[in-house]
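# Structural overview for review
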Amino acid sequence: MVSGAGARRAPALARLLGGLRTANPVASPPVPATLSTALLSSRTDAASTIGGRAAAPARRWREREMSRGAAASAASMFPFSSSSASTAADAAASIPAGIDPLARNIGISAHIDSGKTTLTERILFYTGRISEIHEVRGRDGVGAKMDSMELEREKGITIQSAATYTKWKDSNINIIDTPGHVDFTIEVERALRVLDGAILVLCSVGGVQSQSITVDRQMRRYSVPRLCFINKCDRTGADPWRVLEEVKQKLRLNAAAVHIPIGLEENHQGVIDLVRNEAVTFHGPTGSDITIGPVPADLAEAVAAKRRVLIEAVSEVDEALGEIFLMGEEPTVEELKAAIRRATIARDFAPVFMGSAFKNKGVQLLLDGVVDYLPAPHEVENIALDLNKDEEEMRLTADPKAPLVGLAFKLEEGRFGQLTYLRIYQGTITKGSTIINTASGKKLKVPRLVRMHSEEMEDVGSAKAGEIVALFGVDCKSGDTFTDGKINCAMTSMRVPEPVMSLAISPKSRAETGGFSKALSRFQREDPTFKVRLDEESGQTIISGMGELHLDIYIERMKREYKTEVDVGEPRVNYRECITKRAEFDYLHRKQSGGSGQYGRVMGYVEPLEEGNSDVVFENGIIGNAIQPGYILAVDKGFKEAAQTGGLIGHPVEGIRVVLTDGASHAVDSSEMAFKLAALSAFRQVYERAGPKILEPVMAVEITVPTEFQGTVIGNINRRKGTIKDSTTEGDDVVITCDVPLKNMFGYSTELRSMTQGKGEFTMSYESHQPVTQDVQAELAADYGKTRKASKD
């Protein structure tokens with residue numbers, strides 16, 4: 001009875017087969033199949049009036065929802081007691097005072113152009129947060145609320161994550177809309193670090209794409225439960241069932257649909273709620289007129305089959321529902337909802353919703369799913385490190401009365417100075433209170449506390465555990481932890497990917513130097529993946545980031561926000577160097593110029609580390625005191641400093657072990673400086689004999705183009721020295737997966753558009769550093785030699 005997808009979860013059912021229930025209990029009376037979707041209760045009466053033929057059912061439905069009240073909400077929140085509203089109320093009473101069991105912190109993430117920002121716009125409209133719907137790209141001169149940056153509205157993409165808060169029925173919801181482009185993946189990373197749940201948006205035509213897989217990986221990294229929303233069911237070629245299979249196969253999720261679409265493409269009218277066995281259709285210009293009715297006869301068989309699949313998928317990971325399933329009983333609506341909630345919070349199941357945000361269908365049901373299935377802050381385990389107990393793990397509680405613990409996860413330059421986004425994990429923060437940055441030990445007073453609604457701010461007097469707020473005038477960096485001084489702890493940091501592309505930039509005039517420096521300083525504070533350094537040899541300012549678009553956006557922002565024009569040099573690829581064989585060194589550094597001189601001798605060998613290890617490792621293998629112990633650290637520093645500049649093209653050397661086996665020192669002339677210089681020279685001497693190689697960054701590229709352009713695009717990839725890994729057909733498109741050296745990908749977006757009449761798109765992410773060919777190595781080494789000679793002249 002257990003499906004292949006649930007084989008690894010079979011023990012849950014096996015335990016039930018041992019006779020958890022010895023007799024059939026009296027079946028609970030069936031719960032009326034009602035739709036828990038609220039109309040715009042926060043709107044004015046005029047705005048929420050339901051027109052036309054849907055008015056009477058929707059009005060009755062709203063009255064039913066209001067009558068269900070807090071007991072039904074508590075039943076959803078406490079699924080183990082969901083068969084009884086009274087026991088749910090008792091469970092609610094057991095939560096410590098001040099904890100909001102209906103609060104939600106969610107993120108909306110997806111591959112680019114899957115409809116994240118459009119979905120967020122509808123959520124804000126249906127919850128009464130905004131009064132009008134606007135579209136991305138600012139077609140109506142306004143643009144989507146969450147795309148507050150001018151560049152976002154022009155390009156139609158999300159560049160920065162944007163936070164807002166709203167209310168759906170009795171649930172307070174914090175929402176972060178994140179970018180879908182791989183160049184801005186740090187925005188997704190730090191949002192998921194502080195969120196309790198997420199919505200993974202998938203296109204019903206594109207399916208699971210490259211960034212969908214990246215986002216899924218990030219959700220797993222931070223143990224974030226998710227709902228899946230298959231969007232764009234109104235598009236030509238929509239196939240949500242293919243997408244659901246991809247979710248199972250590519251993302252390896254135990255997923256099942258909780259909706260069946262009523263019609264697809266231009267015939268998409270709404271969905272059938274499999275949990276309640278109701279047909280829900282959406283009407284009117286904004287989809288606010290909702291009709292609830294029985295399942296259409298022509299879909300009854302499909303609904304019964306899909307509901308059975310849903311129940312079986314959840315039964316495999318939830319013992320309570322598995323028990324009911326094995327006894328051959330039909331679970332009630334509340335029993336099924338409770339089981340889905342338990343399995344989703346445990347990250348054993350992902351419910352799949354369907355609809356079309358652009359055509360205003362299914363969004364209200366998705367909001368219900370957020371409240372019904374995603375966790376409240378107190379249901380998520382958050383761990384901090386106790387700095388007074390050698391970083392021993394300590395469990396935080398979402399108790400507003402506990403000592404304060406908050407994490408600064410995002411910095412942004414606002415009109416009134418630096419804006420610091422803070423997630424409160426424990427305790428309460430108030431305006432005017434004193435908090436401590438545990439990273440620096442600095443105390444500071446909270447001058448102003450605000451809640452964000454995209455670029456708008458609302459002043460608040462306090463914020464408690466589970467809330468997301470912003471502070472002004474706080475000197476900190478992304479990832480710092482704040483407490484009230486009663487405890488000394490730090491939250492675990494988020495993962496920051498290494499930049500893969502660099503550009504040389506300089507201001508066009510001396511008068512623009514001030515704005516240039518301010519812009520770079522601000523962008524570095526805001527974005528941990530944006531790096532700036534000064535090249536000592538060339539004197540150039542080098543900026544590094546996650547890709548071409550990432551750096552282009554910052555250059556454009558310098559021009560718009562700081563009135564600073566810059567000259568941009570050829571993109572500088574971050575090459576690496578390595579060695580391929582063992583080689584021995586024996587170097588004596590001796591210098592005598594009157595008085596005490598310099599003397600240091602080092603002997604040993606270098607060898608490559610195992611594949612995949614990119615560290616520079618120093619080992620002291622000296623037996624005895626041939627070199628005084630106080631000089632060993634200087635030798636270590638010397639070798640590691642030398643490894644920062646390889647002998648072939650001046651790039652860092654990685655994957656190397658340096659072993660010091662012998663040496664000699666002088667009682668008078670030896671010093672730390674002498675041994676550091678000896679190590680520097682020894683490394684340069686031995687490097688040429690160790691078979692040095694140049695490594696280049698290779699990108700994993702996924703290209704989606706119409707089928708008729710497949711041959712042209714593959715031929716172009718071959719010319720760029722790429723390796724084709726896979727080519728699959730999805731509808732009218734072909735998806736080409738390949739590995740291409742980063743240096744050959746510059747300018748590819750423009751060329752791809754010209755090859756495909758603007759219909760092609762691609763994404764790329766860092767794959768690995770791999771050795772270049774001999775001819776490329778010779779060419780790069782020759783260019784480096786010419787550059788060094790020119791700089792000396």
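So, a few notes on the structure that sits alongside this text. (Residues numbered from 1 in each chain as written. Predicted model: local features only at pLDDT ≥ 70, side-chain atom pairs only at ≥ 80, totals over all residues. Heavy atoms only, no water.)

### Section: the overall build of the protein chain
To keep it simple, the criterion reads: Put simply, DSSP H or I for four residues or longer makes a helix, DSSP E for two residues or longer makes a strand, and each gets a number counted from the N terminus. Any pair of residues with heavy atoms lying within 4.5 Å of one another is described as a contacting pair. Surface accessibility in these figures is a Shrake-Rupley result with a 1.4 Å probe; residues are shielded only by whichever protein chains are displayed.
Helix and strand content of the protein chain: 19 helices and 38 strands. In the protein chain, of all internal contacts separated by at least 6 residues, the share reaching a separation of at least 24 is 72%. Of the roughly 34,100 Å² that the protein chain leaves accessible, carbon and sulfur atoms contribute 49%.

### Let's talk about a negative patch on the surface
Formally: Residues qualify for a patch when their relative accessible area is over 30% and they have no salt bridge, like charges being joined within 9 Å and the nonpolar side chains of Val, Leu, Ile, Met, Phe, Trp and Tyr within 5 Å. What makes a salt bridge here is a side-chain nitrogen of Lys or Arg within 4 Å of a carboxyl oxygen of Asp or Glu, nothing more. Charged-residue counts in this description rest on Lys and Arg as positive and Asp and Glu as negative, His and the chain ends being excluded. A charged residue contributes its charge at one atom only: NZ of Lys, CZ of Arg, CG of Asp or CD of Glu. Under the scheme applied here, a residue whose accessible area is under 20% of the maximum for its type counts as buried, over 50% as exposed, and between as partly exposed, the area being computed with a 1.4 Å probe on protein chains only.
A surface patch of like charges, here negative, comprises D390, E391, E392 and E393. Topologically, D390 is positioned in the loop between β12 (382-386) and β13 (392-396). Residue class for D390 comes out exposed when judged on its relative accessible area of 74%.

### Overview of the sheet that holds strand β8 (residues 270-273)
Using the following cut-off: For two strands to be treated as a pair, DSSP must find at least two bridges joining them. What counts as an axis is a line fitted to C-alpha atoms, over the stretch in contact for a helix, and the angles between N-to-C directions run from 0 to 180 degrees.
Judged by pairing direction, the sheet is antiparallel, and its 4 strands sit side by side in the order β7-β8-β9-β10 without closing on themselves. Here the strands that pair on one side only, and so sit at the sheet edges, are β7 (259-262) and β10 (289-293). Averaged over all adjacent pairs, the angle separating strand axes in this sheet is 25°, with direction ignored. Sheet topology places β7 next to β8; 4 bridges connect them, and they run antiparallel. The residue bridging I260 from the neighbouring strand is I272, located in β8. Where helix α12 (residues 363-373) meets the sheet, it contacts β7, β8, β9 (278-283) and β10, and its direction lies at approximately 125° from that of β9.

### Description of the pairing of strand β34 (residues 656-664)
Here is the rule we go by: Note on handedness: a crossover is taken as right-handed if, strands pointing away from the viewer, the path from the first strand over the helix to the second is clockwise.
Alignment of strand β32 (residues 598-608) against β34, held across 8 bridges, turns out to be antiparallel. Bridging across to β34, V606 finds its partner in V658. Sheet topology places strand β33 (residues 616-620) next to β34; 5 bridges connect them, and they run parallel. Bridge assignment links V616 to a residue of β34, and that residue is I656. Taken together, β33, helix α15 (residues 629-642) and β34 form a β-α-β motif whose crossover is left-handed.

### Overview of the sheet that holds β13
Here we have 3 strands laid out as an open sheet, ordered β13-β12-β24, and antiparallel in their pairing. Each end of this open sheet is capped by a strand with a single partner; those strands are β13 and β24 (489-491). Put simply, the sheet's adjacent strands are angled 40° from each other on average, direction ignored. Relative to β24, β12 runs antiparallel, the two sharing 3 bridges. Within β24, the residue paired with L385 across the bridge is A490.

### Structural notes on unusual backbone geometry
Located in the positive-phi region is K169, a residue other than glycine, with phi close to 55°. With respect to the secondary-structure elements, K169 resides in the loop between β2 (162-168) and β3 (171-177). A relative accessible area of 29% means that K169 is categorised as partly exposed. Within the chain, R347 stands out as a residue other than glycine whose phi angle is a positive 65°. One can find R347 in the loop between α11 (333-345) and β11 (350-354). On the basis of relative accessible area, R347 is assigned to the partly exposed category, the value being 46%.

### Section: the pairing of β10
Most of β10 sits inside the fold, with 4 of its 5 residues counted as buried. Across 5 bridges, the pairing between β9 and β10 is antiparallel. Bridging from a neighbouring strand, T281 pairs with T291 of β10. What sits between the antiparallel neighbours β9 and β10 is a turn of 5 residues, in which G284 has the positive phi angle 85°.

### Examining the packing of helix α9 (residues 300-315) against α11
A pair of packed helices is characterised by two quantities: the angle between their axes and the separation of those axes. This is how the line gets drawn: Throughout, the term roughly parallel applies to angles under 35 degrees, roughly antiparallel to angles over 145, roughly perpendicular to angles from 65 to 115, and oblique to all others. Throughout, a crossing is termed right-handed when the near helix is turned clockwise from the far one, and left-handed when it is turned anticlockwise from it by less than a right angle.
Contact pair α9 / α11: the axes reach a minimum separation of 10 Å and the direction vectors enclose 50°. What the angle tells us is that α9 and α11 run oblique. In this structure, α9 crosses over α11, and the sense of that crossing is left-handed. Contacts between α9 and α11 pair R307, L310, I311 and V314 from the former with L336, A339, I340 and A343 from the latter.

### Observations regarding helix α16 (residues 672-687)
What counts here: The span you would expect from a helix comes to 1.5 Å times its residue count less one.
When the terminal C-alpha atoms of α16 are compared, their 22 Å separation across 16 residues agrees well with the 22 Å that a helix rising 1.5 Å per residue should span. By the burial criterion, the buried members of α16 are A674, F675, A678, A679, L680, A682, F683, V686 and Y687.

### Points about the packing of aromatic side chains
Applicable threshold: Pairing of aromatic rings covers Phe, Tyr and the six-membered ring of Trp, with a centre-to-centre limit of 6.5 Å; geometry is then stacked below 30 degrees between planes, edge-to-face above 60, and tilted otherwise. A ring is scored as having a charge over it whenever the NZ atom of a lysine or the CZ atom of an arginine sits within 6 Å of its centre and within 35 degrees of its normal.
In total, this model carries 12 aromatic pairs according to the counting rule given. With a centroid separation of 6.2 Å and 80° between ring planes, the pair formed by F523 and F530 is classed as edge-to-face. In terms of burial, F523 and F530 fall into one category: buried. Arranged with centres 5.3 Å apart and planes meeting at 50°, the rings of F585 and F639 form a pair that is tilted. Here F585 is found in strand β31 (residues 583-591), whereas its partner F639 is found in helix α15, with 54 residues between them in sequence. We note that F585, like F639, is buried. Cluster of aromatic residues (ring-pair linked, three or more members): F523, F530, Y554 and Y562. In this structure, K410 packs its charged tip against the face of Y421, placed 5.9 Å from the ring centre.

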